[in-house]
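Observations on the model geometry
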Amino acid sequence: MSPVHEITGAAAIDPGVEDVLKDAALNRLNEPPADQTMVINMGPQHPSTHGVLRLVLEIDGETVVSMAPDIGYLHTGIEKTCEAKFYQQVVPMTDRIDYLSPMTNNTAYALAVEKLLGLEIPPKAQWLRVLFNELMRLNSHLVWLGTHAMDIGALTVFLYCFREREQLLRIFEAVAGQRMMTSYVRIGGLSMEPPRDLYNRIRTFLNDFPAHIDEYEGLLQNNPIWINRLKGVGYISPEDAIALGLSGPPLRAAGIDFDLRRDMPYSSYEKFQFQVPVATESDVWARYILRMQEMRESVKICLQALDGMPEGRYVADAPKIILPDREQMKTQMESLIHHFKIVTEGFGVPAGEATSSVEAAHGPMNYYVVSDGTAKPYRVHMRNSDYANLQALETMCKGRLLADVVAVIGSIDIVLGAIDR
Amino acid sequence: MYDPATAILGKDAVFEAHPENAAVKALTELATDAKYDRDELTLTVARENIVAAMRALQQAGYNFFEDATAVDWYPSEPRFQVTYHILSHKLKQRVRIVVRLHSDDASLDSITSVWPAANFYEREVFDLFGIHFGGHPNLRRIMMPEDWNGHPLRKDYPVEGYR
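1. Section: the overall build of chain B
A tally of helices and strands in chain B yields four helices and eight strands. When its helices and strands are written in sequence order, chain B yields β-α-α-β-β-α-β-β-β-β-α-β. Its C-alpha atoms give chain B a radius of gyration of 17 Å, within 12% of the compact-globule value 15 Å for 163 residues. Along the longest, intermediate and shortest principal axes, the C-alpha atoms of chain B span 50 × 35 × 30 Å. Expressed as a percentage of the 163 residues in chain B, the buried residues total 56%. Counting contacts in chain B only where the partners sit at least 6 residues apart, residues at least 24 apart contribute 49% of the total. Here chain B has roughly 7,100 Å² of accessible surface; of this, 49% comes from carbon and sulfur atoms. For chain B, the centre of its 18 positive side-chain charges and the centre of its 24 negative side-chain charges are spaced 4 Å apart.

Written out as structure tokens, the structure is:
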């Protein structure tokens, strides 16, 4: 009998405890719990599970024996809802998948539909997509660093990270009118031209940002508590990482040098110069160092995008797919008709299937869109790294202390919106 | 704009146009149908061969399992299309593997023996489409509650209102 049984007794079991025991029995497959182990519940309201992740942990003293993630608390059926909407109406749905990098989601979806349509995107729109994808990476990594450090006990870093994130959110608000659910990247280009002084604002932010990264590192890098909590924790071998589908920064921290931006470029990434940081230690510390380097590289990419920003249109020339300019719509009959048709009937997409793949802050993000030739997608499927990375959590935590679970969850950087969809 | 004439359809046509593709070489025997459309290779495999096909791909350098999902073509038959995306880090290319299933026996073998990463994805397809994966270590619902009736991503399951 486990201690939980002894303490509570069959009649006095709370419904919650009963659930945990039942889940533990189901997840442990064949072997029954050993006599000296205890099953405990972590989440879904635990502050360091980064959302509504629930873990059923079997512990022996302080050591983790086994673990089963229980997900679905944030399942909103986005994939089903997408099937009932026009192609252009799906864009705001995608914001809510990985809500820390909405424009990356938009880009991935837009790329898949553009592939189905065979639409060419003008260079300026591609450059702006690169610029905002990288700013989104900074945004997401700042939230990761702040919350990760807070989980470990360094509360100050959180406040510093959110100070910079606030500047980023103001930039997003200036360009899209929304701080978080931007819906800025649309099928065929972008929703609107960036305001005139925006590039200078972004440049000012980027010029200051490397000094801020130094500041975070000054708070953490030589802190003995931070070092001891991170180094050697959450190891996973490269073979296990591949087998369990680990991707993104944790995979690169395991020594596998693969980055979609460089290896399978999209949206003109091949025209940018940047390094892909790789580490071999494959522990929480390596993932921390790697993401800090990624932030520095992102700053470089953003500056290149600003320096080489091409002139021209910010949307493709496809009047039957892209909403016309507001001014034109009010003065030209043709544009008014197109506007009316797109809003009321949508636009047909040639039948077929397409997969787009972008390197989001959390790792590769794929959108699989199937069209049956009508104005509504037949099937939209999102593949986010968060979902696959969660499978590797048990391998990283097994045999380690319970307190390390918190550090490891922080290091795989999950967003439950992207897992449950 | 997309031109449907650019799509290469049929096993013979695709294998003739892309004889050097590693996935085409690996699945010369096992593929039953093929499509090369929008620069993407799709190979169809019979459901009893799925594990053998995945092993052949793994040996051909497609080392990374990306995802598994399904499409419901209700009311036509074969109703379900199970889609796998497999990536090669070395070759820097992706292949899409498709298995078609009839609604009267919507089941196929689990590929968790080839890639343990398929575990959650197959559970998701089981949960939302009701497709059974034989040999899966823990085939339970993952998104919906345990006692839920029905499979939400099926086309005969309404988006709103009562089930």
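2. Focus: the overall build of chain A
When you go through chain A residue by residue, the secondary structure sums to 19 helices and eight strands. In summary, chain A has a C-alpha radius of gyration of 23 Å against a globular reference of 22 Å for 421 residues, a match within 12%. Taking the principal axes of its C-alpha atoms as reference, chain A extends roughly 80 × 45 × 35 Å. Each of the 421 residues in chain A was classed as buried or not, and the buried ones make up 61%.

3. With respect to the pattern of salt bridges
Residues and elements named next belong to chain A. By the definition in use, this model includes 40 salt bridges over all chains. The salt bridge partner of arginine 296 is glutamate 217, with a shortest N-O separation of 3.0 Å. Here glutamate 217 lies in helix 8 (residues 198-220) and arginine 296 lies in helix 13 (residues 284-307), a separation of 79 residues in the sequence. Overall, the relative accessible area of 28% leaves arginine 296 in the partly exposed class. Judged by relative accessible area, which is 17%, glutamate 217 ranks as buried. What emerges from the salt-bridge pattern is a single network uniting Glu134, Arg137, Arg252, Asp259, Arg261, Glu294 and Glu359.

4. Quick look at the packing of aromatic side chains
All names here are of chain A. Going through the model one piece at a time under the given rule, you end up with 16 aromatic pairs over all chains. When the ring of tryptophan 285 is compared with that of tyrosine 288, the centres are 5.4 Å apart and the planes differ by 55 degrees; the resulting orientation is tilted. Note that tryptophan 285 and tyrosine 288 are positioned in helix 13 at a spacing of three residues, about one turn of the helix. With relative accessibility at 12%, the residue tryptophan 285 sits in the buried group.

5. Some points on the domain arrangement of chain A
Each assigned domain of chain A is listed with its residue range as follows: domain 1 (3-70) and domain 2 (78-383). Relative to domain 2 of chain A, the C-alpha centre of domain 1 of chain A lies at a distance of 37 Å.

6. Some words on the interface of chain A and chain B
Contacts between the two partners involve 51 residues from chain A and, on the opposite side, 49 residues from chain B. Of the roughly 4,300 Å² buried between chain A and chain B, counting both surfaces, carbon and sulfur atoms make up 57%. Among the residues of chain A in contact with chain B, Lys80, Glu353 and Tyr378 of chain A are the three that bury the most area, contributing 16% of the side total. At the boundary of chain A with chain B, the tally comes to six salt bridges. For the salt bridge of arginine 421 of chain A with glutamate 124 of chain B, the shortest nitrogen-to-oxygen distance reads 2.5 Å. Linking chain A with chain B are 33 residue pairs in polar contact (both at pLDDT 80 or more), by the criterion used here. Sorting elements by how many residues they give to the side of chain A that touches chain B places strand 6 (residues 352-360) of chain A first, with five residues. Across the side of chain A that touches chain B, the residue classes break down as 27 nonpolar, 13 polar and eleven charged.

7. Observations concerning the nonpolar core
Core analysis: the biggest nonpolar cluster contains 178 residues, and Phe132 and Leu135 of chain A together with Tyr84 and Ile131 of chain B have the highest contact counts within it. The element best represented in this core is helix 6 (residues 123-152) of chain A, accounting for 15 residues. Counting contributing residues, this core receives three or more from each of domain 1 (3-70) and domain 2 (78-383) of chain A.

8. Quick word on the pairing of strand 3 (residues 63-70) of chain A
Residue and element names in this part refer to chain A. In terms of burial, strand 3 is largely enclosed, as six of its eight residues are buried. Relative to strand 3, strand 2 (residues 54-60) is paired through seven bridges, and the arrangement is antiparallel. Bridge pairing in strand 3 links leucine 57 to methionine 67. Hairpin connection, strand 2 to strand 3: the antiparallel pair is bridged by two residues, and glycine 61 has positive phi, about 65 degrees.

About the thresholds
- Residues numbered from 1 in each chain as written.
- Chains lettered and ligands numbered in written order.
- Predicted model: local features only at pLDDT ≥ 70, side-chain atom pairs only at ≥ 80, totals over all residues.
- Heavy atoms only, no water.
- Helix = DSSP H or I, 4+ residues; strand = E, 2+ residues; numbered from the N terminus.
- Rg over C-alpha atoms; globule rule 2.2 N^0.38 Å.
- Buried < 20%, exposed > 50% of the residue type's maximum accessible area, 1.4 Å probe, protein only.
- Contact = heavy atoms within 4.5 Å.
- Areas by Shrake-Rupley, 256 points an atom, 1.4 Å probe, with all protein chains shown as cover.
- Lys, Arg positive; Asp, Glu negative; His and termini not counted.
- Charge placed at Lys NZ, Arg CZ, Asp CG, Glu CD.
- Salt bridge = Lys/Arg side-chain N within 4 Å of Asp/Glu carboxyl O.
- Phe/Tyr/Trp six-rings, centres within 6.5 Å; stacked < 30°, edge-to-face > 60°.
- Domains from an automatic or database assignment.
- Buried area = accessible area lost by both parts, 1.4 Å probe.
- Polar contact = N/O pair within 3.5 Å; in protein donor to acceptor, adjacent residues only side chain to side chain.
- Nonpolar A, V, L, I, M, F, W, Y, C, P; charged D, E, K, R; others polar.
- Core = buried A, V, L, I, M, F, W, Y, C linked by side-chain atoms within 4.5 Å.
- Pairing = 2+ DSSP bridges.

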